[in-house]
Amino acid sequence: MDQTDGTTRKPGIRRRSRLLAAAGAATACGGVLAVYAAPVGAAEPAAAATVITVATDGSGDHTSVQDAVDAVPSDNASEVTIEISPGEYREQVIVPEDKPYVTFLGMGAQEDEVTIVEGRNAGDHGTEGSATLVVKGHDFHADNLTFANDFDENSSDTGDQALAGYLDADRILLDDVRLLGDQDTVQVHDGARAYVSDSYIEGTVDFIYGGGTAVFHRCKIYEKRDTGGPITAASTPAEQQYGFLFYQSSIDGATDGTTQLGRPWRQDAQVLYREVEMSAAIATDQPWTDMSDATWENARFLEYQNTGDGAGVNDNRPQLSDDEAAEYTPQAYLAGTDGWNPVG
């Protein structure tokens, strides 16, 4: 797979169809949405939703995505859809904790037609401060756009982190998005839950990481560095059963035999690759590696029914049993205490 490719469009994706239908209704009704269908388990907003438009040419309500977010009322209790017209938006965007129920909807035909990009690095701005997208408001959705950090890790002596996304909220939905970066592309922070579907994620080292819970469903994961590196650096707390699940997805890389499935940032890191198509980029004999004092053997690293040239079973590739697999579904990962089920 070419590393610059986005995801393949999948007709009839339920969530995108619903959002587009709602957006069309908003246009006809003066910007007020009459319908909002919350995912199962989400707390429903108290009122009908609002649409805010963004366009670089000044034809929308705002020319900046952050300005549109700033226009959302504090302690927001209703769905707000921010429609983003095609173009490049060079800015950092922060969705604060007191602005839940915000949806970013890219209005292009493909994910790459709407790009939010910055080039901040952790050396200058800290980890969270480096992120192009920072999400702290719960029930955040993003559909049909790209979040990128174009800071070049090779320009820094320390290879600074440079996040495309910092996900620090509950019930986050990312559908048909691209997350592009080098080191540490996306962090799912402790306590966050995220469902990422039909999306494309690329990076160089530890580019999907953190202590939260996330399901990557029908996603394309790409290790773009010629020398390879680990995809994940989970830091799942010991008391938390679930960390990261890659489900019915695919993994590829620039060079055969160089990509690792992950390493443990905390010793109890939990990662499962389930029914994933793995290319020859995977280091088949030893796909897991250590991180500082944390060893992969003592982490909760698992595989189940993977396929492709990079798949395999050996002493270095722990497998779920068929009986255990019933407890490691996308629904089980995301249910929490509220029964959240966004799986489409």
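Residues numbered from 1 in each chain as written. Predicted model: local features only at pLDDT ≥ 70, side-chain atom pairs only at ≥ 80, totals over all residues. Heavy atoms only, no water.

1. Focus on the sheet that holds strand S12 (residues 186-188)
Across the sheet, seven strands lie side by side as S5-S8-S10-S12-S15-S18-S21; this open sheet has parallel pairing. Two strands lie at the open edges of the sheet, namely strand S5 (93-95) and strand S21 (259-262), each paired on one side alone. Taking the axes of each pair of neighbouring strands and ignoring which way they run, one obtains an average angle of 15 degrees across the sheet. Relative to S12, strand S10 (residues 165-167) is paired through three bridges, and the arrangement is parallel. Across the sheet, Tyr166 pairs through a bridge with Gln187, a residue of S12. (Pairing = 2+ DSSP bridges. Helix = DSSP H or I, 4+ residues; strand = E, 2+ residues; numbered from the N terminus. Axes fitted to C-alpha atoms, helices over the stretch in contact; angles between N-to-C directions.)

2. With respect to a negative patch on the surface
Judged by side-chain charge, Asp322, Asp323, Glu324 and Glu327 come together as a negatively charged surface patch. With respect to the helices and strands, the residue Glu327 is situated in the loop between helix H5 (322-325) and helix H6 (330-334). (Patch = residues over 30% accessible without salt bridge, like charges linked within 9 Å, V, L, I, M, F, W, Y side chains within 5 Å. Areas by Shrake-Rupley, 256 points an atom, 1.4 Å probe, with all protein chains shown as cover. Salt bridge = Lys/Arg side-chain N within 4 Å of Asp/Glu carboxyl O. Lys, Arg positive; Asp, Glu negative; His and termini not counted. Charge placed at Lys NZ, Arg CZ, Asp CG, Glu CD.)

3. Side note on the nonpolar core
Soluble globular proteins: nonpolar side chains tend toward being buried together. Residues Ile82, Phe104, Phe140, Ile208 and Tyr273 are the most contacted members of the largest nonpolar core, which totals 56 residues. For this core, the element with the highest residue contribution is strand S11 (residues 172-180), accounting for four residues. Judged by nonpolar contacts, the second largest core, of 16 residues, contains Leu173, Leu272, Tyr333 and Val343. (Core = buried A, V, L, I, M, F, W, Y, C linked by side-chain atoms within 4.5 Å. Buried < 20%, exposed > 50% of the residue type's maximum accessible area, 1.4 Å probe, protein only.)

4. A short note on the side chain of Glu153
Within the secondary structure, Glu153 sits in the loop between strand S9 (141-149) and S10. Ignoring any residue separated from it by four or fewer positions in sequence, one finds Glu153 in contact with Gly159, Asp182, Gln183, Thr204 and Arg225. (Contact = heavy atoms within 4.5 Å.)

5. Details of the environment of Ile208
Summarising the element assignment, Ile208 is placed in strand S15 (residues 208-210). Owing to a relative accessible area of 0%, Ile208 belongs among the buried residues under this scheme. Apart from the residues lying within four places of it in its own chain, the contact partners of Ile208 are Val186, Ile201, Phe216, Ile221, Ile231, Thr232, Ala233, Phe244 and Phe246.

6. What about the pairing of strand S7 (residues 114-118)?
Here S7 lies mainly inside the structure; four of its five residues are buried. Sheet topology places S7 next to S9; four bridges connect them, and they run parallel. The residue bridging Ile116 from the neighbouring strand is Phe147, located in S9.

7. Brief notes about the pattern of salt bridges
Considering all chains together, one arrives at 17 salt bridges under this definition. Ionic pairing is found between Lys224 and Asp182, a salt bridge with its closest N-O pair at 2.7 Å. One end of the pair, Lys224, is in the loop between strand S17 (220-223) and strand S18 (229-234); the other, Asp182, is in the loop between S11 and S12, with 42 residues separating them in the sequence. Taking the shortest distance from any N to any O, the salt bridge between Lys224 and Glu202 comes out at 3.8 Å. Taken as a pair, Lys224 in the loop between S17 and S18 and Glu202 in strand S14 (residues 200-203) lie far apart in primary sequence, 22 residues in all. When salt bridges with common partners are traced through the structure, they connect Asp139, Asp170, Arg171, Arg193 and Asp338 into a single cluster.

8. Focus: the packing of aromatic side chains
On inspection of all chains with the given rule, the structure shows ten aromatic pairs. Between Tyr209 and Trp265 the ring centres are 5.6 Å apart and the planes differ by 50 degrees, which places this aromatic pair in the tilted class. Separated by 56 residues along the polypeptide, Tyr209 in strand S15 and Trp265 in the loop between S21 and strand S22 (270-274) bring together distant segments of the chain. With a relative accessible area of 44%, Trp265 lands in the partly exposed category. Geometrically, the ring pair formed by Phe216 and Phe244 is edge-to-face, given 6.1 Å between the ring centres and 85 degrees between the ring planes. Of this pair, Phe216 sits in strand S16 (residues 213-217) while Phe244 sits in strand S19 (residues 244-247); the two residues are 28 residues apart in sequence, bridging distant segments of the chain. Like Phe244, Phe216 is buried. Taken together, Phe216, Phe244, Phe246, Tyr273, Trp288 and Phe301 form an aromatic cluster joined through their ring pairs. (Phe/Tyr/Trp six-rings, centres within 6.5 Å; stacked < 30°, edge-to-face > 60°.)

Note that all results are geometric; they support no functional claim without further evidence.
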